[in-house]
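Coordinates in review
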Amino acid sequence: NIKQEKNKQKKMIKQRRRESKIILKERLKSKEYQTNKLKKSNLIMEKKKNKEQRRGGGGININKLSKGIQNGSKAFAKGEYKKAIEEWENIINEVPHVEAMYYNMSVAYKCLGEKEKEKEMLKEAAKYGHRGAAYALGIRAKQKGKQTQALRYFRNVMYDNSYRQQQQIIMKEEEQEEE
């Protein structure tokens, strides 16, 4: 008797689900529903535009950034390192926390033979969390005999330290170099 009641309940639930699916399909097909949905989406888009304008700009243009990344990569592949650096600098001007652009620029500076600029870009990339840059700086420090400095960089690679911790490590390292 109890099994029969459970089966009846299950059947009723299935029937309700079927009915609600049918109602939903009919609702989605109706023009009124479609126009209301369109109006709501237009209102949301309008609110977003107004919010961006109040913040003082149109936001980040993703298409422009991706095109800049592609142009920089193409220029680098052709051996036009200065042009690649210019493209990547434009991206950094738009979005300053893109660690991959700093790393790419460090590689381009290395190809141009500008060691100071290369090191500067590696530090920026490591500061924003690029593990490859932290590793490269660790190797350099180790080669110069600066074991503690090398260990700090290698810890960034191993433990994926937070942005703030990486900034503190780099600031300490710069203070030690000045001494």
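Here, the structure is the one placed above.
Everything in this summary refers to the structure shown in the same document.

1. Comments concerning the packing of aromatic side chains
- Counted by the stated rule, this structure contains two aromatic pairs.
- Taken together, a centroid distance of 5.2 Å and an interplanar angle of 65° make the contact between Phe-76 and Tyr-81 edge-to-face.
- Residue Tyr-81 is classed as partly exposed on the basis of its relative accessible area of 23%.
- Ring plane angle 40° and centroid distance 6.1 Å describe the contact between Phe-76 and Trp-88, whose orientation is recorded as tilted.

2. Structural notes on the packing of helix H6 (residues 115-127) against helix H7 (residues 131-143)
- Here H6 crosses H7 at 130°, and the two axes come no closer than 8 Å. Here H6 lies oblique to H7, going by the angle between them. Considering how the two elements wind past one another, H6 and H7 form a crossing that is left-handed. Only Ala-133, Ala-134, Ala-136, Leu-137 and Arg-140 of H7 make contact with H6, whose side of the interface consists of Lys-115, Glu-118, Lys-119, Leu-122, Lys-123, Ala-125 and Ala-126.
- Taken together, the residues of the contact of H6 with H7 sort by class into seven nonpolar, no polar and five charged.

Definitions and limits used
Residues numbered from 1 in each chain as written. Predicted model: local features only at pLDDT ≥ 70, side-chain atom pairs only at ≥ 80, totals over all residues. Heavy atoms only, no water. Phe/Tyr/Trp six-rings, centres within 6.5 Å; stacked < 30°, edge-to-face > 60°. Buried < 20%, exposed > 50% of the residue type's maximum accessible area, 1.4 Å probe, protein only. Axes fitted to C-alpha atoms, helices over the stretch in contact; angles between N-to-C directions. Helix = DSSP H or I, 4+ residues; strand = E, 2+ residues; numbered from the N terminus. Parallel < 35°, antiparallel > 145°, perpendicular 65-115°, else oblique. Left-handed = near helix turned anticlockwise from the far one by under 90°. Contact = heavy atoms within 4.5 Å. Nonpolar A, V, L, I, M, F, W, Y, C, P; charged D, E, K, R; others polar.

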